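So you can see what is in the structure, the chains are spelled out below.
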Amino acid sequence: MRTVIRKWFWAWDFDKEEAWLNEMAAKGLGLVSVGFARYEFEDCIPGEYSFRIELLEQFPDHPVSRKYIEFIEETGAEQVGSIMKWVYFRKKTADGPFDLFSDNQSRIKHLQRIILLLFIVAIVNIISGCYNLLLVFLWHSYVNLLGLLNLLLAAGILCGTLRLLKKKNRLSREGRIFE
Amino acid sequence: MQNPAMTEAVYYILLSLTEPRHGYGIIQNVERLSNGRVRLAAGTLYGAINTLLEKGYIRALPEIKDSRKKEYELTQVGRAAILDEISRLEELLTNGKQMMEVSL
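A quick note: this is a predicted structure, and the numbers were derived from the prediction, not measured.

Q: Any chance you could explain the overall build of chain B here in plain terms?
A: If you tally the helices and strands in chain B, you get four helices and three strands. For chain B, the α and β elements follow one another from N to C terminus as α-β-α-α-β-β-α. By principal-axis analysis of the C-alpha atoms, chain B measures approximately 60 × 35 × 20 Å. For chain B, the proportion of its 104 residues judged to be buried stands at 38%. Within chain B, residue pairs in contact and separated by at least 24 positions form 49% of the contacts whose partners lie at least 6 positions apart. Across chain B, the 13 positively charged side chains and the 13 negatively charged ones have centroids separated by 5 Å.

Q: Explain helix H1 (residues 8–16) of chain B to me, please; I cannot follow it from the model alone.
A: Across the nine residues of H1(B), seven count as buried, placing the element largely inside the fold. Every buried residue belonging to H1(B) is among Ala9(B), Val10(B), Tyr11(B), Tyr12(B), Ile13(B), Leu14(B) and Ser16(B), and all of these are buried.

Q: I would appreciate a short explanation of the interface of chain A and chain B in the present structure.
A: Frequently, the measure chosen for interface size is the accessible area that the parts lose on association. Across the contact, 16 residues belong to chain A and 17 residues belong to chain B. The contact between chain A and chain B buries some 1,400 Å² in all, and 59% of this surface belongs to carbon and sulfur atoms. The interface formed by chain A and chain B holds five residue pairs in polar contact (both at pLDDT 80 or more) in total. Sort the elements by how many residues they give to the side of chain A that touches chain B and helix H2 (residues 63–74) of chain A lands first, with seven residues. For the side of chain A that touches chain B, the class distribution of residues is seven nonpolar, three polar and six charged.

Q: What am I meant to see in the packing of H1(B) against helix H2 (residues 23–33) of chain B here?
A: Residue and element names in this part refer to chain B. Remark: H1 packs on H2, axes separated minimally by 9 Å, with the N-to-C direction vectors making an angle of 110 degrees. Between H1 and H2, the interaxial angle falls into the category roughly perpendicular. Of the residues in H2, those touching H1 at Tyr12, Ile13 and Ser16 are Ile26, Asn29, Val30 and Leu33. Along the lines of polarity and charge, the residues of the contact of H1 with H2 split into five nonpolar, two polar and no charged.

Q: Would you take a moment to explain the packing of helix H3 (residues 104–139) of chain A against helix H4 (residues 147–174) of chain A for this structure?
A: Axes are the key here: two packed helices are described by the angle between their axes and the distance separating the axes. Residues and elements named next belong to chain A. Relative orientation of the contacting elements H3 and H4 amounts to 160 degrees, with a least axis distance of 8 Å. Taken together, the axis directions place H3 and H4 in an arrangement best described as roughly antiparallel. Crossing hand, H3 versus H4: left-handed.

Q: Got a minute to help me understand the sheet that holds strand S4 (residues 49–55) of chain A in this structure?
A: The strands that make up a sheet are held in pairs by hydrogen bonds between backbone atoms, and each pair lies either parallel or antiparallel. Residue and element names in this part refer to chain A. In space, the three strands of this open sheet follow the order S4-S6-S5, with antiparallel pairing throughout. Either end of the sheet is taken by a strand with one partner, and the two such strands are S4 and strand S5 (78–83). When the angles between neighbouring strand axes are averaged without regard to direction, this sheet yields 25 degrees. Against the sheet, helix H1 (residues 14–26) touches S4 and strand S6 (86–92), its axis set at about 160 degrees to S4. Running over the sheet, H2 touches S4, S5 and S6 and is turned about 145 degrees from S5.

Q: Looking at this structure, I do not really get the environment of Ser65(A). What am I missing?
A: Residues and elements named next belong to chain A. Along the chain, Ser65 falls in helix H2. A relative accessible area of 4% means that Ser65 is categorised as buried. Leaving out residues up to four positions away in the same chain, Ser65 has contacts with Leu56, Gln58, Phe59 and Pro60. A polar atom in the side chain of Ser65 sits 3.2 Å from the backbone oxygen of Gln58.

Q: So what exactly am I meant to see when it comes to the packing of aromatic side chains here?
A: Remark: the centre distance and the inter-plane angle together describe each pair of aromatic rings, the angle taken between the planes. All names here are of chain A. Throughout the structure, instances matching the rule amount to 12 aromatic pairs over all chains. The interplanar angle of 50 degrees and the centroid separation of 5.6 Å between the aromatic rings of Phe9 and Trp20 together place this pair among those described as tilted. Note that Phe9 is positioned in the loop between strand S1 (2–6) and H1 and Trp20 in helix H1, a separation of 11 residues in sequence. No difference in accessibility class separates Phe9 from Trp20, as the two residues are buried. Here Tyr49 and Phe51 contribute two aromatic rings whose centre-to-centre distance is 6.5 Å and whose plane-to-plane angle is 55 degrees, an arrangement assigned as tilted. No difference in accessibility class separates Tyr49 from Phe51, as the two residues are buried. An aromatic cluster is defined as three or more aromatic residues linked by ring pairs; in this entry it consists of Trp8, Trp10, Trp12 and Phe36. Residue placement shows Arg90 over the ring face of Tyr49; its charged tip is 4.1 Å from the ring centre.

Rules of the game
Residues numbered from 1 in each chain as written. Chains lettered and ligands numbered in written order. Predicted model: local features only at pLDDT ≥ 70, side-chain atom pairs only at ≥ 80, totals over all residues. Heavy atoms only, no water. Helix = DSSP H or I, 4+ residues; strand = E, 2+ residues; numbered from the N terminus. Buried < 20%, exposed > 50% of the residue type's maximum accessible area, 1.4 Å probe, protein only. Contact = heavy atoms within 4.5 Å. Lys, Arg positive; Asp, Glu negative; His and termini not counted. Charge placed at Lys NZ, Arg CZ, Asp CG, Glu CD. Buried area = accessible area lost by both parts, 1.4 Å probe. Polar contact = N/O pair within 3.5 Å; in protein donor to acceptor, adjacent residues only side chain to side chain. Nonpolar A, V, L, I, M, F, W, Y, C, P; charged D, E, K, R; others polar. Axes fitted to C-alpha atoms, helices over the stretch in contact; angles between N-to-C directions. Parallel < 35°, antiparallel > 145°, perpendicular 65-115°, else oblique. Left-handed = near helix turned anticlockwise from the far one by under 90°. Pairing = 2+ DSSP bridges. Phe/Tyr/Trp six-rings, centres within 6.5 Å; stacked < 30°, edge-to-face > 60°. Lys NZ or Arg CZ within 6 Å of the ring centre and 35° of its normal.

Okay, here's the thing in structure tokens:
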């Protein structure tokens, strides 16, 4: 039986998203498909699967991504869906704990990838917002006050990015003593 | 001339490739060698393998039939790197045992 849940997670809360997917799996709902703010679940044995999310460097159908995904699948995991450059993996918990990263270096690299994406989106929104507000100022085109939404979004994104930066710095500092 | 210290994961990956293995085989072997202490995650392993391939420490074996599971093995350069690392670790161990015995 399929269950569809509509829920939104910000990119910087991908770890919360993962935790939520694993919580659902513990209750017997395993993710089988992802859409935009939309999660499709199939009934499963409670705790049968563990889930992990990763932001790839390229889109999932890019040859480089395909090689990576195939490698991950060779180790016993399965891709259950993707959205933009985000992929969702699942693995049977019977096979043992499921992690995509086991050292700080690769965790940091992943965080940096996400931080970069967020910065780019924030900057695009800042530029767009400023441009829109300029139009309001120059041409009294009040519809362009929507530019304020761009700036608001950019501010929100930067806050979220800050959270990830703190996490990344914490991991980096740890790396000064232990690898 | 000597390389800086290897990470534990890389050391064990290289050690595992003294015979040809595929990704999952490496993960299992490292877990066995370390008595369950070192559990390589697939994403981390993928990055490490690519770096090791770039440095020429390991090579990918030509894929036989359609088995799809690509296998890797150590190169001469990789072999030398492990031996270097072993002598570095021996130095650490010797000093550690000596000094800690003295201070106790």
